[in-house]
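A closer look at the structure
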Amino acid sequence: MSQTDRLKQRMPLSFKLLYALPVFAAGVPAIADAATPASTSASHAHATPAKAAAKKHTGRVVTRPATVAPAVGAPVAATPVANTVANRTIRQARAAQTAEGGTEAVTVTGSFLRQGRNTSPNPVQIISAKDIQQTGVTNVGDFLQRMPSIGSSGTGNADTNGGAGMSCTDLRNLGSSRVLVLVDGKRLTQTGASGGSCVDMNTIPVMAIQSIEILKDGGSELYGADAVSGVINIKMRHNINTGGINLRGNITQRGDNRTGLISAYKGWNFDHDRGNITLMGQYDTQGGVMMKDRAWSRVAQATNGLNPSYGSIISTSGTYFGSNTYNSNNNGGLVPYTAANRYNYNKDTSLLNNTQNASLMGDAHYDFSKHFTLYSNVMYSHKTSWTQMAPMPATGSVAPSTLPSAIMIPTDYPGNTSGEELQMYRRMGEFGNRKSETAVDSLTAKVGASGEIVAGWMYDASFTYGSTMSSFQTSGVGDYNKLLREWGLSPVTPGDSGSELYYNPTSCVGYTGCVQSSALRSLSGAAAEYANYTEHDNSQYTMRDFNARIHNDHVVHMPYKGGGDLGIALGMEHRGEQLSYRPDPLIAQGGSLTNTVLPTSGGFDVSEAYLEGNLTLLHNVPFAKNLSIDGQGRFSSYNTFGNTYNWKAGINWAPTRDVAFRGTLGTSFRQPSVSELYGGTVMSYLGASDPCDMSQISTYGARQATVVANCMKQGINPNTFQASSSGQVATLTGGSSKLRPEIGRTYTFGATFTPHWVRGLSTSASFWHYRVSDTISALSTQYVLDGCYTGSSPTMCQNVTRLANGQINTVSALNANLGSLTTSGVDWDLSYRFRVTDEDWFQVENNFQHLVSYKQQMVPGGPHYNYLGSITYQSGGTSNPTVRDYATLTWHHNNFSMTYMMQYMSGMHWNDGTNRIYKSDGYGRDKTPAMILQDLTFNYNLKRWNFQFEVQNLMDKTPPFLVNTSSNSNDSTYGGWYAGRTFLLQAGMTF
């Protein structure tokens, strides 16, 4: 019995009660809407006013505004303080309405200096704890996926093939490797997967979050590499002097994906509030969903021609290719192949992962004096995930294996009545379904000191250590050598992967447990036990980061009327990252039936210095309520790539109290990650179709004649050839030590409008533009195949290898520096809060994104492909809807509130990786419709108790159809629709 199965037996009792009884949940943190006492402030400030004022100037990134946001555990008051999901400028403007000329100073992501509200040029979106909790999500990634600025190339719980239950966020569809995730302004440990690393949002306890700030114009010049698309800074709760316990549970309309969460926290102030210790814990579990339990994913569609095929040609009875195609009768003989024998792998495959996650956080600080505050924070999580896939196919080996690359059944093999040698593909149902279990232990520990040096100069120095240790287990992957031995197939030239096979009726002699069997019939139980195998892989990621900074918000005052202050921040950082991935020895040797993975090991060190200056040129003068400029720069020295310098300049001009204009221009830099540099070669089955396949050739339209000619040159007749790939092609991916860093440039400009004659209304708009050159990525499998056979890129043919019978053996798509990627768009945010009676008020929040362009150059000097309004129809692709929107409408009546939440995504044309596809080219479908996802939440507060009931996916909408050879949709784009209508009940109390 596996560890996960044992956990499932021990754990569910309490959570079954959650499902049977009212499915309680963590409502108190979610609904907190009232201002809280100073003792529950989210900052490391003293509780006493005098000490709090002194603490404001510590210069720490986690310093909070003087107006304290509500603590997560506080009950909702009758007249709540508005918490919004909107652009930072909206919040700035709302605060500015409270007092003429108010200039409350805050430190927000994008700057190390405290600036007056409505004076920063950086576009920063602020999300409160209430905004997250009211959605009923159990991890940060699921919530962020609602935001229009979050792209589709991240990883979520609907990624069941290699996702390992991780939640990795992508910003602006530039990839999760180009967004930097921070906790309280400091780096967080990443995952240690072989194919790439990212911050797993599942490791962050939701109930410990105070707010999230998203910097949406890049941040390499201030925070270092990885911040190409922006920064997501998660601010945690600190200095808590209360306690709370929360319960949550939900279940789908179909009775599956049962989710439970229990969390608790308690904080203690001591020594007259000079010190604080806060402890938090959270445990959540998600039951998962099988594809067979949803009508839209029950049967896998493998191709997109006018006569599509379903499932896989590789069946449990085996498929044998020669001049004709056969199946076995599982009794030692052959029968003619028919489409009825295709295998529907979705009946055995997970749609959503099963996950369990336990998180602990400890936070402490002590103020010795205004010159010295010692602080520390430790976050630990233990996560397990479980997913299932269909039985493993036996198709041959992949380099560097020396075992036969193809399973060829000799002419004289018993039962081979075809009169010719046959190539066999057989799905090993005797080994059972592949069950993958992942266990991840993640630790981030931080210790630091802050305070005032002298005359307004503040310092902050910290050291962060991060470590992630992961273990991966997959059953049913088989031992290829033992399987051939039982089938009586021996290589003519041992050690040569291209060797022919001959029939050896005594191949099992001398091997204990080996059962002589036939490749044309099912294995016996004893034979399956001998040839089966369970792989065990391990990885470890380690980070060490030292950061020291000094700053002064008021170095000098401009010597003229209406002049403001000059603020300066400067600091240094030294960071080291190491990653090692140790696959199972049999897997690394290519000795199993599963993907070949080579070991990964490597690291880098970087020393950096940064400088920021902010100058208020004019303040409170005619036509310049505020006019300020901001400059930032960062010098980096890598032991792998040498030196680089990045900068950003910004301007903010508010001619009146009602309107402000802002703009930024900056550069970015990203060094290849450890996994991108040193990652071992991995063989994966990626979504793609063989251009020479009889059902695919018709989709090439005007290019069809060229494709036919190129296939015929290799002895393949597209009119009769049937590929064994079934929409998935064996692809070699992995790292490359020859990679160069990426460089980029970003600019934004926008305006905020807050009319003082319409109290409570704020709106802002921003135009943004990114360009990244020398992008680090791998070409898609379909792009390589099409480049070769359409003649658009003949050099791609060297990356395609075929077997003697024409079947694709592998396609090589290793990491490389490709061409450039450019994208631009418009964000529009609206917030309007208005009262209708003394007991009733409404709040409308809206986040809107209109994508203006998205173009990618696959190879240096090659054409730029336009992906605006397109979605890559095969698995592994991205989506670029022209319009995305997230809106909420809340009605408050005394202690009762109701919130309606809506996500909108415009329809998209399908793209084959280069161009849009059309039915006239021979495709069956070519677009997805516009989609709307709706949630409805009810909240009620009774003294210290809070109750919440929610219906997610109110209209029970199913995701749109997409031929991705898996779920029949796109999990990274439409994962929010996968579970269907879901009911949630949660409750909590504070003490």
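Residues numbered from 1 in each chain as written. Predicted model: local features only at pLDDT ≥ 70, side-chain atom pairs only at ≥ 80, totals over all residues. Heavy atoms only, no water.

Concerning the nonpolar core
One broad rule of soluble globular proteins: the nonpolar side chains tend to lie buried together. Core analysis: the biggest nonpolar cluster contains 32 residues, and Leu144, Ile204, Ile212, Ile234 and Met236 have the highest contact counts within it. Where this core is concerned, the elements lending two or more residues are α7 (140-144), β5 (179-183), β7 (209-215) and β8 (230-236). Residue contacts for Leu144: discarding those within four places in its chain leaves Ile127, Ile150, Thr169, Met201, Ile214 and Ile232. Core analysis: the next-biggest nonpolar cluster, separate from the first, contains 30 residues, Ile697, Trp768, Leu785 and Met858 among them. (Core = buried A, V, L, I, M, F, W, Y, C linked by side-chain atoms within 4.5 Å. Buried < 20%, exposed > 50% of the residue type's maximum accessible area, 1.4 Å probe, protein only. Helix = DSSP H or I, 4+ residues; strand = E, 2+ residues; numbered from the N terminus. Contact = heavy atoms within 4.5 Å.)

With respect to the packing of aromatic side chains
All told, the structure shown has 24 aromatic pairs when counted by the stated rule. Their ring planes at 75° and their centres at 4.7 Å tell us that Tyr366 and Phe368 sit as a pair that is edge-to-face. Residue Phe368 is classed as partly exposed on the basis of its relative accessible area, which comes to 43%. Sitting above the plane of the Tyr265 ring, Arg237 keeps its charged end 4.5 Å from the centroid. (Phe/Tyr/Trp six-rings, centres within 6.5 Å; stacked < 30°, edge-to-face > 60°. Lys NZ or Arg CZ within 6 Å of the ring centre and 35° of its normal.)

A few points about the state of the cysteines
Inspection of the entire model under this criterion finds four disulfides. With its sulfur 1.9 Å from that of its partner, Cys692 forms a disulfide with Cys711. Handedness of the Cys692-Cys711 disulfide follows from its S-S torsion of about -90°: it is left-handed. In this pair, Cys692 is assigned in the loop between β32 (682-687) and α13 (704-713) and Cys711 in helix α13, connecting sequence segments 19 residues apart. The class of Cys711 is buried, set by a relative accessible area of 0%. Each sulfur of the disulfide joining Cys788 and Cys797 lies 2.0 Å from the other. Judged by the sign of its S-S torsion, about 100°, the bond between Cys788 and Cys797 is right-handed. Residue classification places Cys788 among the buried positions, given a relative accessible area of 4%. Assessed through its relative accessible area of 29%, Cys797 is described here as partly exposed. (Disulfide = S-S within 2.5 Å.)

With respect to the pairing of strand β22 (residues 434-454)
Inspection of the sheet shows strand β18 (residues 372-389) paired to β22 by 17 bridges, in the antiparallel sense. Bridge pairing in β22 places Met379 opposite Thr444. Hairpin remark: β22 followed by strand β23 (residues 457-474), antiparallel, with two residues in the connecting loop; positive phi at Ala455, about 50°. (Pairing = 2+ DSSP bridges.)

With respect to the environment of Met683
Here Met683 shows up in strand β32. For Met683 and Thr810, which are 127 residues apart along the polypeptide, the C-alpha to C-alpha distance reads 8.3 Å. Those residues in contact with Met683 that sit more than four places away from it in its chain are Val398, Thr594, Asn595, Thr596, Ala730, Thr731 and Leu732.

Points about the confidence of the model for the chain
Considering every residue of the chain, the mean pLDDT works out to 85; 88% of them sit at 70 or more. Under a pLDDT of 50 for its full length, residues 1-103 has, in the predicted model, 320 contacts with residues more than four places off or in other chains. (pLDDT = per-residue confidence, 0-100.)

Re the sheet that holds strand β43 (residues 870-872)
Taken in spatial order, the three strands of this open sheet run β43-β46-β47, and their pairing is mixed. The sheet terminates laterally at β43 and β47 (927-928), the two strands that pair on one side only.

Some words on the side chain of Asn357
Secondary-structure assignment places Asn357 in strand β17 (residues 354-369). Asn357 sits in the buried class, given a relative accessible area of 4%. For Asn357, the side chain forms a polar contact with the side chain of Ser359, separated by 3.4 Å. Setting aside its immediate chain neighbours within four residues, Asn357 contacts Asn202, Gln282, Tyr283, Asp284, Ser381, His382 and Lys383. (Polar contact = N/O pair within 3.5 Å; in protein donor to acceptor, adjacent residues only side chain to side chain.)

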